[in-house]
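Chain by chain, the residues run as shown.
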There are 2 protein chains.
Amino acid sequence: MRRAIATVCLGGTLPAKLAAAAAAGFDAVEIFEPDLLSTPLRPAQVRERCADLGLGIDLYQPFRDAEGLTPPEFARVMHRLDAKLETMHQLGTDLLLVCSNVARDTIADDSLTAEQLVLMADRAQQAGVRLAYEALAWGRHVNTVDHAWKIVESCDHPALGLCLDSFHILARGTDPALLASVPGEKMFFLQLADAPRIGVDMLQWSRHWRSFPGQGDFDLAGFMESVLQAGYTGPWSLEVFNDVFRQADTASTAIDAMRSLLILEEQVHPGALPAAPAPQEVCFAELAAADPEPLVGLLSGLGFTRTGRHLNKPVDLWEQGRARILLNTAGYRDRDGAAVAAIGLETREPESLAARAEALKVPAALRRHSPGESRVPCVEAPDGTQMFLCTTDVSRRGGWIADFPTLHQGNTGTGTAVQAIGSEEQVIGIDHLALTQPWHRFDEAVLFHRAVLGLAVHPTLDLADPYGLFRSRAMTSAGSREQPGVRIALNVAPAPDPHISAGQHIALACRDVRAAVRDARARGVSFLPIPGNYYSDLAARFALDEEFLSELRELQLMYDRDDAGELLHCYTLSVGPLCVELLQRVGGYEGFGAANAPVRLAVQHAA
Amino acid sequence: MRRAIATVCLGGTLPAKLAAAAAAGFDAVEIFEPDLLSTPLRPAQVRERCADLGLGIDLYQPFRDAEGLTPPEFARVMHRLDAKLETMHQLGTDLLLVCSNVARDTIADDSLTAEQLVLMADRAQQAGVRLAYEALAWGRHVNTVDHAWKIVESCDHPALGLCLDSFHILARGTDPALLASVPGEKMFFLQLADAPRIGVDMLQWSRHWRSFPGQGDFDLAGFMESVLQAGYTGPWSLEVFNDVFRQADTASTAIDAMRSLLILEEQVHPGALPAAPAPQEVCFAELAAADPEPLVGLLSGLGFTRTGRHLNKPVDLWEQGRARILLNTAGYRDRDGAAVAAIGLETREPESLAARAEALKVPAALRRHSPGESRVPCVEAPDGTQMFLCTTDVSRRGGWIADFPTLHQGNTGTGTAVQAIGSEEQVIGIDHLALTQPWHRFDEAVLFHRAVLGLAVHPTLDLADPYGLFRSRAMTSAGSREQPGVRIALNVAPAPDPHISAGQHIALACRDVRAAVRDARARGVSFLPIPGNYYSDLAARFALDEEFLSELRELQLMYDRDDAGELLHCYTLSVGPLCVELLQRVGGYEGFGAANAPVRLAVQHAA
């Protein structure tokens, strides 16, 4: 499988793009003309640079507005073609993308278009170049792949074939099965892009919102099956125009691109990548804070017990029910900050999952490791969170947990009491984590959680925040009665105050959240105050028992309901950008209380 | 004229929104329910707060999904309505917006909808409330204002009328003239929003891309004329959902909103605002730099002569042709920066223009003023640029220029030679200024330049930059042979490097740009190097004379052509984010060389 990427997919200068594509493991590039025009490298130097990097140049693009023209216009096209053929000769590439004409005054005459394409193909052939004709979805006259094929077929010219672009084909809703009628050798090139179905004008959609395969809503695996069945044997090349990717780091975007292609290959050729089951549970979350004391107070107040301390590192283990929190007391890089620095993912096959991550070019996390410590594979998510791939053996205290010898009375390390003050355990386990993503890596993060970790993707939500819209997407693995599954909400917040609005949180599942809040309050924990107007609205929306409603109000609990069940939840005041949510799911409620997010975010902002 | 604004138009907390609306001079607000739900103020406290601020509460909104329902569903609606009527009682408002139902299973039966609206209106009437029914453009069954009116008319209920929303009406292309058939007293409320025509799905368009009147593409003046002709006498209220405004400063957005309404009123009632002719010319540009020396070198190198020094301030006047540059040698707030700090706009009626700006709530610029200096009105543009409204009397050296006594040999201030080294003047005047705008004030800036200064608006361009898209919009006043008119390009740059990509520049019109470049080079000025590939592409696109092309290449001049003429231009290397463009317009070319911007920006990035 030959893998290629168009230089337009990446941000930065042409040399930076080429280096990033090579580093990500691509075999070839498409040179996007504006990238060539703005580099001081001459075409022959670009050719050399690519050769040095082991990159082929599989396509030069685009050659626009070339057919359906009057004779004088077409004469100018041939002049332009000659110049581009010379450039391609210097570049050392032999395939030119010709887009269908989009000009308002294109002449709607297939035989004229064919005649002009043949003249161009003759000229190209003399220069050792072939032309790949592509129907743009907004082409004036030719805008479907079947129409383009009809014309190319009628030309019957060895130097003229099709360029297939999944965006243009799938955006118009064309059934890729009709490609079966195109001979494989006439499909000169294949460009792949996904896109979210967002109801935007075709041109805008294509220019700004394309995404890498698996990041949008198109069925690219089905598309590839049709293309391969029709006999296509050329490179798989990514061509994505995306406003966000252009602004992102060149090297990591190239890796994200390669990952998307590898996953698509796996969908089409099962077994192409190491398989691994999705993790079943978050077995721990590690918090780091510049000043750990407020978190110590919070964990104690919520009924956690400090049960262990790391063999060699200043990290404490706190437990309650199945919830385990590691508290890194060594400080945090951001002076006022606090963060979920790492999470442990419980999996039956850590090594398979690590192998899958490596095959998908996920960086291994850098972590100091001392003799005597257990070896736990650890990878770095796009947002920088370290993800430990663990098998927790609680009964024998094996695996990672063996690095945290049980604390006994008298061995309390930094002086905090081992056992929290009395009362029974209210927290059952970690229900979910809400993790803030860098805005330009959101799509990458979704693909990472889905395709590397095997989590299921839920729809994107846009939630109103007092200062803009807050984007949130849940990723989950299937749970069971014993294990709740992994639930992660990926969030991106608007400007201007990412610290507050994008606050990360850990949501803890409680047996009885009302009792949990009462206990925590008694131990001095403060919760986010919810406005009285919120409860008036609850009463208007749901027929709630008066007593129940006043209990919600007293405990500052928020409430949501869907067809499957109910959610009761509340938030502690934040420590830096971090807070803890306590929640209780009743019946089969599987959401995250999104309806309550605007009020919660507004109160957090105002706090 | 009663002026109102919906709280959803502004970002921030409800108290901040109310304060900003009052400060901007609004008479009333619409309370958007989510704003009420997330404030700790009880409804009665919101009522008091509004009363203290002199704001009425003209509408409570929205009440959704209320009609076309089965009996049990409708029973729940009546329960919800009762609760909201109680809230409105406490708020002290008597008008509720009821939106047409958007649910998939809405029953498409006008008589059922009418029946349910009448039941709601009965209940509302008992509570002293009226209902304003609005057809959402994406309503499931009722989605046009004529359909909504047919139903409201059939109800014939005193507590039931229409809410007109310019977005929903104009987005669907409805002719507002049909409102003539609606009696004025049945138009209970009017909501105004503009929007750019961008080919987005109706719902997304409405939720994210509305703008204030005059900032989009709708004919709101024509719409208002129809509405007034039909007999509407209620408030003019702004209801704008816009992702960018939510993130912007609350107070300045409120002022921008008020300005848009005042301008709309002026369109409908000519004479409502002080009139002023558009400025004819940029009579000076003031540059400030942390270290002025590189700018001194640049101006000398470009053939400018230092001709004056301010009476009291460390500001030098440099001149060449009609181009005047003030160089502030006192430093600049940004240590490494440089900026166009102020511009002088030549106008026959500075006082009228200042009065118009004041009426439109443009802040007067803070500027120290010493005795003996001329008094020149100065206002502050949304991007912070100070705009002096000047009448330049060169012959008598009157007006602002009188503050810059002519320098004579021996009176050279800080030691730079008064007269640049020989050679004739090549620069004719200031052709245009490119000014970087804060991204969240772009629409406000366009409206400011159009409606306060009277400049004409050109279409928005999205230009590819190596790290994203660069948005640019030209604003111009009509020129003449003697005076070129004012030309300003407002730019917004993408992340991550606003300093470079968003660089401001001053473009100087040259008699013969080739001679100007040669002279400047001889004096040591360095120009932006343009890649050779750019010239190969020029040769492919245009049939250019070989000698001419090699001259362009030698002088690193860029070239553009349209039906009216040609442009030759080039850029000096940047001083901080600032550079100078030299250009020559041939024939009637009126553009700004946008086709060359991607290459220029890429080279500036790489430099």
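All values derive from a computational prediction rather than experimental measurement.

A. Representation of the packing of helix 1 (residues 14–23) of chain A against helix 11 (residues 250–268) of chain A in the model. Residues and elements named next belong to chain A. Interhelical geometry of helix 1 versus helix 11 gives an angle of 40° and a closest axis separation of 8 Å. Relative to helix 11, helix 1 is oriented oblique. Classified by chirality, the crossing of helix 11 by helix 1 is right-handed. Contacts between helix 1 and helix 11 involve Ala16, Lys17, Ala20 and Ala21 from the former and Thr250, Ala251 and Ala254 from the latter. Of the residues belonging to the contact of helix 1 with helix 11, the class tally is five nonpolar, one polar and one charged.

B. Geometry of the pattern of salt bridges. Taken as a whole and assessed by the stated rule, the structure comprises 50 salt bridges over all chains. A salt bridge links Asp537 of chain B to Lys84 of chain A, with the shortest nitrogen-to-oxygen separation between them at 2.5 Å. Placement of Asp537 of chain B in helix 17 (residues 532–541) and of Lys84 of chain A in helix 4 (residues 71–91) is noted, with the two residues assigned to different chains. Of the residues examined, Asp537 of chain B reaches a relative accessible area of 6% and is grouped as buried. Classification of Lys84 of chain A as buried rests on a relative accessible area of 5%. Ionic pairing is found between Arg322 of chain B and Glu281 of chain B, a salt bridge with its closest N-O pair at 2.8 Å.

C. Summary view of the relation of the copies chain A and chain B. Least-squares fitting of chain A to chain B yields an RMSD of 0.0 Å, with the transformation described by 0.1 Å of translation along the axis and a rotation of 180°. Taken together, the turn and the small shift mark the pair as related by a two-fold rotation axis. Most of the interface of chain A is mirrored in chain B, where 98% of its interface residues again form contacts.

D. Here's a closer look at the side chain of Arg306 of chain A. Residue and element names in this part refer to chain A. With respect to the element layout, Arg306 can be found in strand 10 (residues 305–309). Given a relative accessible area of 0%, Arg306 falls into the buried group. A polar contact is formed between the side chain of Arg306 and the side chain of Asp316, at a distance of 3.3 Å.

E. Spatial organisation of the pairing of strand 15 (residues 386–390) of chain B. Residue and element names in this part refer to chain B. Strand 15 sits mainly inside the fold: five of its five residues count as buried. Of the two faces of strand 15, both are covered, the one formed by Gln386, Phe388 and Cys390 as well as the one formed by Met387 and Leu389. Where strand 13 (residues 338–346) meets strand 15, five bridges bridge the pair, whose relative direction is parallel. Its bridge partner being in strand 15, Ala342 is matched across the sheet by Gln386. A loop of five residues connects strand 14 (residues 378–380) with strand 15, the two strands running antiparallel in sequence, and Gly384 in this loop sits at a positive phi of about 95°.

F. Spatial organisation of the sheet that holds strand 8 (residues 236–238) of chain B. All names here are of chain B. Taken in spatial order, the eight strands close into a barrel running 1-2-3-4-5-6-7-8, and their pairing is parallel. Taking each pair of neighbouring strands and ignoring which way they run, the sheet shows an average axis angle of 30°. Bridge count between strand 1 (residues 3–6) and strand 2 (residues 28–32): three bridges; the pairing is parallel. Each residue of the ladder has a partner; that of Ile5, found in strand 2, is Val29. This element, helix 9 (residues 220–229), spans strand 6 (160–165), strand 7 (187–192) and strand 8 of the sheet and lies at about 170° to strand 7.

G. How the structure looks around the domain arrangement of chain A. All names here are of chain A. Domain annotation for chain A reports domain 1 (3–268) and domain 2 (281–606). Domain 1 puts 19 residues into the contact, and the matching count from domain 2 is 15 residues. Buried surface at the junction of domain 1 and domain 2, both sides included, amounts to about 1500 Å², of which 59% is carbon and sulfur. Contact with domain 2 buries area across many residues of domain 1, yet Gln215, Arg259 and Ile263 alone supply 37% of it, more than any other trio. One can count two salt bridges joining domain 1 with domain 2. Arg356 is the partner of Glu266 in a salt bridge, and the nearest nitrogen-oxygen pair spans 2.7 Å. Across the domain 1-domain 2 interface, the total number found is five residue pairs in polar contact (both at pLDDT 80 or more). Elements with a minimum of two residues in the side of domain 1 that touches domain 2: helix 10 (243–247) and helix 11. At nine residues, helix 11 tops the list of elements feeding residues into the side of domain 1 that touches domain 2. Class assignment of the residues belonging to the side of domain 1 that touches domain 2 gives a composition of nine nonpolar, six polar and four charged.

H. Just the packing of helix 11 of chain A against helix 14 (residues 442–452) of chain A, in detail. Residues and elements named next belong to chain A. Viewed as axis vectors pointing N to C, helix 11 and helix 14 meet at an angle of 35°, and their least axial separation amounts to 11 Å. Every pair of crossing elements has a handedness; the one defined by helix 11 and helix 14 is left-handed. Contacts between helix 11 and helix 14 pair Ser252, Asp256, Arg259, Ser260 and Ile263 from the former with Glu444, Leu447, Phe448, Ala451 and Val452 from the latter. Residue classes in the contact of helix 11 with helix 14 are distributed as five nonpolar, two polar and three charged.

Scoring rules and cut-offs
Starting from 1, residues in each chain are numbered consecutively following that chain's sequence as written. Whichever chain is written first is A, and whichever ligand is written first is 1; the rest continue in order. Note on the predicted model: pLDDT of at least 70 is required for a residue's local features to be given, and 80 or more for side-chain atom pairs to be given and counted; whole-chain, interface and lining totals, by contrast, use all residues. With hydrogens and water stripped out, all remaining heavy atoms of the structure feed into the side-chain values. The axes used here are C-alpha line fits, helices contributing only the stretch in contact, and every angle between their N-to-C directions lies in the interval 0 to 180 degrees. Runs of H or I in DSSP of at least four residues are treated as helices and runs of E of at least two as strands, each being numbered from the N terminus. Angular relationships are summarised with four words: roughly parallel below 35 degrees, roughly antiparallel beyond 145, roughly perpendicular across 65 to 115, and oblique for the angles in between. A clockwise turn of the near helix away from the far one marks a right-handed crossing, whereas an anticlockwise turn of less than a right angle marks a left-handed crossing. Note on contacts: a residue pair qualifies if any of its non-hydrogen atoms lie within 4.5 Å across the two residues. Three classes are used: nonpolar for Ala, Val, Leu, Ile, Met, Phe, Trp, Tyr, Cys and Pro, charged for Asp, Glu, Lys and Arg, and polar for all others, with Gly counted as polar. A carboxyl oxygen of Asp or Glu within 4 Å of a side-chain nitrogen of Lys or Arg is what we treat as a salt bridge. Buried, partly exposed and exposed residues are distinguished by accessible area as a fraction of the type maximum, computed with a 1.4 Å probe on protein chains only: under 20%, between the cut-offs, and over 50%, respectively. Copies are brought into register by a least-squares superposition over C-alpha atoms of residues with pLDDT of at least 70 in both. By the criterion applied in these results, polar contacts are pairs of N or O atoms within 3.5 Å in which, for protein atoms, one can donate a hydrogen and the other can accept it, and in which residues neighboring in sequence qualify only through two side-chain atoms. Two strands qualify as a pair provided that DSSP identifies no fewer than 2 bridges between them. In this document the domain limits rely on a domain assignment from an automatic tool or a database. As a working definition, buried area equals the accessible area (1.4 Å probe) given up by two parts on being put together, with both sides summed.

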